[in-house]
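Observations on the model geometry
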Amino acid sequence: MLKSLSIQNIAVIEKAQIEFSKGLNVLTGETGAGKSIIIDSINAILGERTSRELVRSGCENAFVSAYFEDVDDCVNALLDELGIEKEEDNSLVISRKISALGKSVFRINGVQVTASMLKTLGVLLINIHGQHDSQALLNPDEHFKFLDSYANISPLLNEYKASFRELLTVRRRLKELTADADDRDKQIELLDYQINELSQADIKLGEWDELKHRKELILNSQSITQALEDLNIAFSGNDDVMGVISTVLSVAKSVSSVSQNDTELKQILEKLEALSDSCETIKDLAQEKLDSIDFQPDELDKIEERLSLLYDFSNKYGETEQDMLYYLENAINRRKSFDNSDEELERLNAQYDEAFSNTLSLAQRLTNERKAAAQRLSREICEQLSYLDMPKTIFSVDFQKGNLSSNGEDKIEFLISTNPGEPPKPLAKIASGGELSRIMLAIKSIIAKNDSVQTLIFDEIDTGVSGKASRKIGLKLRKVGESTQVICVTHSAQIASVADNHLLIEKKYDEQSTFTSVHSLDYQGRKYELARIMGGLEITDSLLTTAEEMLDDNEIISI
């Protein structure tokens, strides 16, 4: 159960430490004091979406932490699955840090987790019922969820959903194979064309870059040839000019004739001879390069044609040669699938028949389980509503057969009659706001018996209810609290008077800021708070006397 909630910098709450107890915990306070902020904070540590507007004005971060004790075995099993170490005392700590920029950091027992992981854990810890849930009763499409929760048929429902998903997968594949014959022929014709075109192109990896390089080389060939020929003339000479090599050899010969006994001249001669060798090497390399420049007259046209083809293919089959080859491979495989389609079609038809039969069988089992559960649920709800000041109510579950869907083939709708002699009709046409609140409480209290969730939260369950009915709601909540922790936000003195733990939310002001505090009330504090809820502008002695009588009335319910 939820033992404590720590809040920092959430809206008008600068800092609050809220201690909850077993049984029925109620939260009361003036309108606008911050009761909804408590619920928002609990939603935050359950992984629900929050707004950055939740962060207190002027603060960089907000923080919420919840401490649970005696957590259920299913919670510990999920912690094992998530790889989070369990506490020896079977406790659990969840925290969430929310920045003013809207980012959140979630932790379970100090381990950082994702929002989805926290949300998965949250549904096992707390069930929050607000006015939105009452509105769900007006939507028949939501009614099967309440019935399934009561019937406790999750294993069967999961088995059905898996079978239904398989049925959809097979049906989708069948539709692809049994598409219009003309369309199939067009696909085959297109695939044959693409395979033939790509195969004949004989695309090679890297050839695009090689072709572009070759094209650039051809375009530059004239300049390259001229430069190399100029180099040859400069080094070898011609009829008009003595080349560098001849000049160097001539000078070397002159120096050689006078260098017999001169060490320095011998060094010069060696350098000249080396220079001559280098010049010969350069001339040979230039000639080799010149000889290698050998282009056919039409080679550039062929390169341009090939590059154009690759460019066109890049627009049709993929940007790179590798993409084009992948496209060819996939096209070949798809073409083969058409060749084998008759055999595949026969296999899929048999698979579809089997999947459909299995899904239909499971859907019928779901229907049978739901109908049996519906009879029990109707009887129990009528008993609960009788206690909650709706004694002549008839509640029933209407079943209609619909198309197979992910939840079976049942169209389920809750019907109700609140006046004797009137046939049951849809809730949306009959039930008032106060009646919806009591119906939801009846359903929740019944489901709670089989639910592993240890904490139920009711946000203003007293909407549209007053007087004796409100008192009955309070006693019912206290009864539910005997087996499941209940936290209730209420404006009803009748409900607040039967609480095991009464928490007051107060808004305070100073010269610069607004603050909200939360603290548990003793007997005297509860008496004055009940009188405030019941009273007008002033708390009178008669109101205090009435509050005392409500607190001292320890009515025990047997329902």
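To start, this report covers the structure provided alongside it. (Residues numbered from 1 in each chain as written. Predicted model: local features only at pLDDT ≥ 70, side-chain atom pairs only at ≥ 80, totals over all residues. Heavy atoms only, no water.)

**Quick look at the overall build of the protein**
The helix and strand tally for the protein stands at 20 helices and 15 strands. Considering only C-alpha atoms, the protein reaches an extent of 140 × 75 × 45 Å along its principal axes. Within the protein, the proportion of its 559 residues that are buried is 42%. For the protein, the share of sequence-separated contacts (at least 6 apart) that also reach a separation of at least 24 residues comes to 72%. Accessible area for the protein stands at about 30,600 Å²; split by element, carbon and sulfur atoms hold 47% of it. One finds the centroid of the 62 positive side-chain charges in the protein at a distance of 9 Å from the centroid of its 95 negative side-chain charges. (Helix = DSSP H or I, 4+ residues; strand = E, 2+ residues; numbered from the N terminus. Buried < 20%, exposed > 50% of the residue type's maximum accessible area, 1.4 Å probe, protein only. Contact = heavy atoms within 4.5 Å. Areas by Shrake-Rupley, 256 points an atom, 1.4 Å probe, with all protein chains shown as cover. Lys, Arg positive; Asp, Glu negative; His and termini not counted. Charge placed at Lys NZ, Arg CZ, Asp CG, Glu CD.)

**Some points on the sheet that holds strand β11 (residues 425-426)**
Here we have three strands laid out as an open sheet, ordered β9-β10-β11, and antiparallel in their pairing. The open sheet has two edge strands with one neighbour each: β9 (394-405) and β11. Where β9 and strand β10 (residues 408-417) come together, nine bridges link them in antiparallel fashion. In the sheet register, Asp398 faces β10, and the bridge partner there is Glu413. The sheet contacts of helix α5 (residues 143-151) involve β9 and β10, and relative to β10 the element is tilted by about 95°. (Pairing = 2+ DSSP bridges. Axes fitted to C-alpha atoms, helices over the stretch in contact; angles between N-to-C directions.)

**Observations regarding the nonpolar core**
In terms of nonpolar packing, the biggest core is built from 44 residues, with Leu5, Ile38, Phe68, Leu92, Leu121 and Leu125 touching the most fellow members. Of the residues forming this core, the biggest block, six residues, is contributed by helix α1 (residues 35-45). Filtering out sequence-adjacent residues up to four positions away, Leu5 remains in contact with Ala16, Gln17, Ile18, Phe20, Ile38, Ser41, Ile42, Val64, Ser65 and Ala66. Of all hydrophobic cores here, the second largest spans 34 residues; its members include Tyr150, Ala151, Ile381 and Val397. (Core = buried A, V, L, I, M, F, W, Y, C linked by side-chain atoms within 4.5 Å.)

**A closer look at helix α17 (residues 467-480)**
Between the first and last C-alpha of α17 there are 20 Å, a value that for 14 residues agrees with the 20 Å anticipated at 1.5 Å per step. α17 sits mainly inside the fold: 11 of its 14 residues count as buried. Among the residues of α17, those classed as buried are Ala469, Ser470, Arg471, Lys472, Ile473, Gly474, Leu475, Lys476, Leu477, Arg478 and Val480. (Expected span 1.5 Å × (residues − 1).)

**Focus on the side chain of Arg471**
You can see Arg471 is positioned in helix α17. Arg471 sits in the buried class, given a relative accessible area of 12%. Discounting chain neighbours no more than four positions away, the residues touching Arg471 are Gln494, Ser497, Val498, Met550 and Asp553.

**Details of the sheet that holds strand β13 (residues 485-489)**
Ordered in space as β8-β12-β13-β3-β14-β15, the six strands form an open sheet in which the pairing is mixed. For this open sheet the edge positions go to β8 (126-129) and β15 (514-520), each flanked by a neighbour on one side alone. Across this sheet, the average inter-strand angle for adjacent strands is 15°, counted without regard to direction. Against the sheet, helix α3 (residues 115-125) engages β8 and β12 (455-459), with an angle of about 80° to β8.

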